[in-house]
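Summary of the model geometry
So the chains spell out like this:
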Amino acid sequence: MDFYSQLRKRMIDTMQLSLKQIRQILGLGVQEFSDIVGLTRQSINNLENSKIKMSTVQYIAVCAVIDHFTESQPELVSVIISILNTNDSLFDNALFEDLPNNSLLKKWFVCFSEDSKIFARGSTDLIEELCNNYKIFLDDTALCVISSENQILDLISNMQNKSKRFIIPLRAIESIQNQWLDSEASVKGTPRNGMYNLRRLRELGVVEIRGEKSDTSIIATIASVFIKYKVIYRLALITQNPKLAQVIMSLNTDDIGGFNVLVLYVSDGNIYKWEKLDTVAIKEESETPGELKEMQDQVVETTQEPHNDNSALSGWDVI
């Protein structure tokens, strides 16, 4: 477990030990607190009595509630910090002493290594960082080009050794199948590669297929899932599609919040980070001038609608 992982575990453990005291400081009863956090009364009781371990999702939900209350009552911040630091197993290190803008959520988000640094350090660190700290998505274009060499081979091997899985939308598989059916025999190599790579990854046990037939387009589905989960997890997408890359990179804004999404592509078996300049050609290649703008507008719309079990994300309850 790396430094940042240990740090985040300490934060979660400390929050659980401090939960009852902080709830009381906020002046909330168990039922009221559970309603606001979005957990059952029994779950809050079990957390406070250490009958269950606090999850990452629960930690983030609790921090969001605390941030909400301390925004209007900033005098409570120092008291809560004192409680947390006292209950920290290594309290001499004052883990919660420096809260960016008095926000526990922002403190959580800074406890991850920076994307720019993992590329600067070298290929081995990149593979380790991806496997340890990211949930990695593959789209149809990535499945069609991945090969068994260099960083891709290392990434697949690392994922297998750590019992991690690539997340592949059902829509991506359907896209490859449709290409196979629609393509002329002379150009069936790409979808054939995609189906072969999918089968190989499944045999290695490093694939998790998510989603349902009710999902919309690949771009809209991946964007909606990333918006929903980027506040909880560090997400990475490997895609050869510059349009999809630009739409997903547009999610890295303060308006949406959460962690920045890492958007990658494969070339000659190596992994590279998409840059905004790499996607400039999209506007020239689009047959319809407003095509990219329309897709980005669809992404914005998904941020304004709450996700529920009846939505198009019903097959993405967890990742």
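Residues numbered from 1 in each chain as written. Predicted model: local features only at pLDDT ≥ 70, side-chain atom pairs only at ≥ 80, totals over all residues. Heavy atoms only, no water.

Attention now moves to the packing of helix H1 (residues 3-25) against helix H4 (residues 56-72). For any two helices packed against each other, one specifies the crossing angle of their axes together with the interaxial distance. The interhelical angle for the contact between H1 and H4, taken along N-to-C directions, is 50°, at an axis separation of 11 Å. Compared by their axis directions, H1 and H4 come out oblique. Seen along the crossing, H1 lies across H4 with a hand that is left-handed. Only Thr-56, Tyr-59, Val-62, Cys-63 and Ile-66 of H4 make contact with H1, whose side of the interface consists of Met-11, Ile-12, Met-15, Leu-19 and Ile-22. Partitioning the contact of H1 with H4 into residue classes produces 9 nonpolar, 1 polar and no charged. (Axes fitted to C-alpha atoms, helices over the stretch in contact; angles between N-to-C directions. Helix = DSSP H or I, 4+ residues; strand = E, 2+ residues; numbered from the N terminus. Parallel < 35°, antiparallel > 145°, perpendicular 65-115°, else oblique. Left-handed = near helix turned anticlockwise from the far one by under 90°. Contact = heavy atoms within 4.5 Å. Nonpolar A, V, L, I, M, F, W, Y, C, P; charged D, E, K, R; others polar.)

Along the chain, the position of Asn-85 falls in helix H5 (residues 76-87). A residue is classified by how much of its surface remains accessible, and Asn-85, at 9% relative accessible area, is buried. There is a polar contact of 2.9 Å between the side chain of Asn-85 and the backbone nitrogen of Phe-96. (Buried < 20%, exposed > 50% of the residue type's maximum accessible area, 1.4 Å probe, protein only. Polar contact = N/O pair within 3.5 Å; in protein donor to acceptor, adjacent residues only side chain to side chain.)

To continue, consider the environment of Ile-218. Note that Ile-218 resides in helix H13 (residues 218-229). When the C-alpha positions of Ile-218 and Leu-170 are compared, they lie 8.9 Å apart, and in sequence the two are 48 residues distant. Excluding its chain neighbours within four sequence positions, the residues that come into contact with Ile-218 are Asp-139, Asp-140, Arg-171, Ala-172 and Ser-175.

With that settled, consider the confidence of the model for the protein chain. Summary statistics for the protein chain give a mean pLDDT of 82 and a share of 79% for residues scoring 70 or more. Residue range residues 281-289 is modelled with pLDDT below 50. Its contacts to residues more than four positions away, or to other chains, number 7 contacts. Under a pLDDT of 50 for its full length, residues 302-311 has, in the predicted model, 10 contacts with residues more than four places off or in other chains. (pLDDT = per-residue confidence, 0-100.)

Right, let's talk about the packing of aromatic side chains for a bit. According to the stated counting rule, one finds 7 aromatic pairs in the structure shown. Relative to Trp-108, the ring of Tyr-59 lies with its centre 5.0 Å away and its plane at 45°, an arrangement referred to as tilted. On the criterion of sequence distance, the pair formed by Tyr-59 in helix H4 and Trp-108 in helix H6 (residues 104-109) is long-range, its members being 49 residues apart. Given a relative accessible area of 0%, Tyr-59 falls into the buried group. A residue is classified by how much of its surface remains accessible, and Trp-108, at 3% relative accessible area, is buried. (Phe/Tyr/Trp six-rings, centres within 6.5 Å; stacked < 30°, edge-to-face > 60°.)

Glancing now at unusual backbone geometry. Non-glycine residue Ser-50 carries a positive phi angle of around 60°. In this structure Ser-50 comes out as partly exposed when scored by relative accessible area, which is 47%. Notably, Asn-102 is not glycine yet its phi reads approximately 55°, a positive angle. Here Asn-102 is to be found in the loop between H5 and H6.

On to the pattern of salt bridges. Evaluated as defined, the whole model comprises 8 salt bridges. In this structure, Asp-13 engages Lys-9 in a salt bridge whose closest nitrogen and oxygen atoms are separated by 2.8 Å. Residue Asp-13 and its partner Lys-9 are both found in helix H1; the two are separated by 4 residues, about one turn of the helix. For Lys-9, a relative accessible area of 42% corresponds to the partly exposed category. A salt bridge links Arg-10 to Asp-88; the nearest nitrogen and oxygen atoms lie 2.4 Å apart. Taken together, the residues Arg-10 in helix H1 and Asp-88 in the loop between H5 and H6 connect sequence positions 78 residues apart. Among the residues examined, Arg-10 registers a relative accessible area of 14% and is labelled buried. Using a relative accessible area of 2% as the deciding quantity, one classes Asp-88 as buried. A single salt-bridge network, built from bridges that share partners, covers Lys-9, Asp-13 and Lys-53. (Salt bridge = Lys/Arg side-chain N within 4 Å of Asp/Glu carboxyl O.)

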